[in-house]
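# Results of the structural survey
The primary structure of each chain is shown beneath.
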Amino acid sequence: MCRHLGYLGRSILLGELLLLPPRSLMRQSWAPEDMRGGGTINADGFGVGWYSTLRPEPTRYRTVRPLWSDATFASLAGTTSSGAVLAAVRSATVGMPVVETANAPFADGEWLFSHNGRVDGWPVSLAGLAARLPTVDLITLDAPTDSAVLWALVRDRLRAGVPPRDALAEVVAEVDAAASNSRLNLMLTNGRQLAATTWDHALSVRHTGDGVLVSSEPIDDSPEWTALSDKQLVVASESTVDIESL
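Below is a short write-up of the structure. (Residues numbered from 1 in each chain as written. Predicted model: local features only at pLDDT ≥ 70, side-chain atom pairs only at ≥ 80, totals over all residues. Heavy atoms only, no water.)

## Overview of the pairing of strand β1 (residues 3-13)
In summary, the side chains of a regular strand alternate between the two faces of the sheet. Here is the rule: Type-normalised accessible area, obtained with a 1.4 Å probe on protein chains alone, sets the label of each residue: buried when under 20%, exposed when over 50%, and partly exposed for intermediate values. Numbering of helices and strands runs from the N terminus; a helix is a DSSP stretch of H or I covering at least four residues, while a strand is a stretch of E covering at least two. Paired strands are those between which DSSP finds at least two bridges.
Extensive coverage of β1 is indicated by the burial of eight of its eleven residues. Taken together, the eight bridges between β1 and strand β4 (residues 81-89) define a ladder with antiparallel strand orientation. Opposite His4, over in β4, you have Ala88 as the bridge partner. As paired strands, β1 and strand β10 (residues 211-215) are joined by five bridges and run antiparallel to one another. Paired with Tyr7 across the bridge in β10 is Leu213.

Dropping the structure here:
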């Protein structure tokens, strides 16, 4: 079912954020604590997207290697810092390909997107929703997966000018109507604002003086973490956190 993490705040080394905390995303890749029946480890690759002051578009690193075994990323993470990050480790749903392009974060322009969960009845359950998308979007999907189609549905709304929080809420609502047993924890950022949903899966938020962390599981034992309830939407900047029901 994957694990993902978003961060907005002071610039921090990627290694300090993703590799070194006691319950880091790297640890969650081999010892997750709240998968809720969606597999046991997240060994089918990972991806990290981060923003810099050089350009509005993020840089991405994606691979099919497990996070714990990627020495190249570990070296990169020890020297690269950012104040806006979205990262994910993957546990592929049975029947979906294990390829680099199937890993979140998905990207378009300034946007990064991740999906933690699964769409019930895939691919038939999403056929009607996908049919409304532009043909070019469908034939240029990163991978033939439920997450890639969810991203296409969100991206279509963003391009139409729908605010991020509304884009996520609308997609979750219509996918739930088409596939009611789905797990739809979505995360979206443009490096300035981060929006995420809880839908039949775990998500926690930590707001400190240095920034905001939104993560499938807490990455440390700080009492500042707040576990979100099911069917909620969180919208955060580096200094604010707003939570509402879906």
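So much for the structure itself; the text now carries on.
## A few points about the sheet that holds strand β5 (residues 106-108)
The criterion, for reference: Only the stretch in contact is used when fitting a helix axis, every axis being a line fitted to C-alpha atoms; angles between N-to-C directions are given from 0 to 180 degrees. In this description, contact between two residues means that some pair of their heavy atoms is separated by no more than 4.5 Å.
Spatial ordering of the open sheet is given by β5-β6-β7-β8-β12-β13, a layout of six strands whose pairing is antiparallel. A single partner strand is all that each edge strand has here, and the edge strands are β5 and β13 (241-245). Each adjacent strand pair in this sheet contributes to an overall mean axis angle of 15 degrees, direction not counted. Sheet topology note: the strand β7 (residues 183-189)/strand β8 (residues 194-198) ladder contains three bridges and is antiparallel. Residue Met187 lies in a different strand from β8, and its bridge partner there is Ala196. Running at roughly 140 degrees to strand β6 (residues 111-118), helix α6 (residues 146-159) makes contact with β5, β6 and β7 of the sheet. Of the strands in this sheet, β6, β7, β8, β12 (232-236) and β13 are in contact with helix α7 (residues 164-178), which crosses β7 at around 160 degrees.

## Let's talk about the pairing of strand β3 (residues 55-63)
Looking at chain direction, strand β2 (residues 46-52) and β3 are connected through six bridges and run antiparallel. Following the sheet pairing, Trp50 is matched in β3 by Thr59. From the end of β2 to the start of β3, which pair antiparallel, there are two residues.

## A look at the pattern of salt bridges
To be explicit about the condition: One side-chain nitrogen of Lys or Arg within 4 Å of one carboxyl oxygen of Asp or Glu is enough to make a salt bridge.
Tallying each qualifying case throughout the model produces 19 salt bridges. Notably, a salt bridge pairs Asp70 with Arg65, separated by 3.1 Å at the nearest N-O pair. Accessibility expressed as a relative area gives 4% for Asp70, which makes it buried. Asp108 is the salt-bridge partner of Arg159, the closest N and O atoms lying 3.2 Å from each other. Of this pair, Arg159 sits in helix α6 while Asp108 is found in strand β5, placing the two residues 51 residues apart along the sequence. Look at Arg159 and you get partly exposed, because its relative accessible area is 48%. Overall, Asp108 belongs to the partly exposed group, its relative accessible area being 25%. Linked by salt bridges that have partners in common, Asp108, Asp137, Arg155 and Arg159 make up one network.

## Quick word on the sheet that holds strand β11 (residues 225-227)
Strand order in the open sheet formed by seven strands is β3-β2-β4-β1-β10-β9-β11, with antiparallel pairing between adjacent strands. Two strands in the sheet have a free side with no partner beyond their single neighbour: β3 and β11. If you compare each strand with its neighbour and ignore which way they point, the axes differ by 15 degrees on average.

## Here we look at the environment of Ala236
Relative to the elements of secondary structure, Ala236 occurs in strand β12. Counting along the chain gives 229 residues from Ala236 to Tyr7, while the straight-line C-alpha distance between them is 9.4 Å. Apart from residues lying up to four places away in sequence, Ala236 is in contact with Leu8, Arg192, Gln193, Leu194, Val212 and Val241.

## Regarding the side chain of Asn116
Under the convention used in this document: For the purposes of these results, a polar contact is taken to be a pair of N or O atoms within 3.5 Å, where, inside protein, one atom must be able to donate a hydrogen and its partner to accept one; residues adjacent in sequence count only when each atom of the pair is a side-chain atom.
Mapped onto the elements, Asn116 comes out in strand β6. By relative accessible area, which is 0% here, Asn116 ends up buried. Side chain to side chain, Asn116 and Ser216 meet in a polar contact 3.1 Å long.

## Topic: unusual backbone geometry
Excluding glycine, most residues fall at negative phi; most peptide bonds, likewise, are trans. The step from Ala104 to Pro105 runs through a cis peptide bond, and the omega angle for that step is 5 degrees. Locating Pro105 in the fold gives a position in the loop between β4 and β5. The step from Trp122 to Pro123 runs through a cis peptide bond, and the omega angle for that step is 5 degrees. Position of Pro123 relative to the elements: it lies in the loop between β6 and α4 (127-130). A positive phi is found at Asp200, a non-glycine position, where the angle reads about 65 degrees.

Nothing here speaks to function; it is all geometry.
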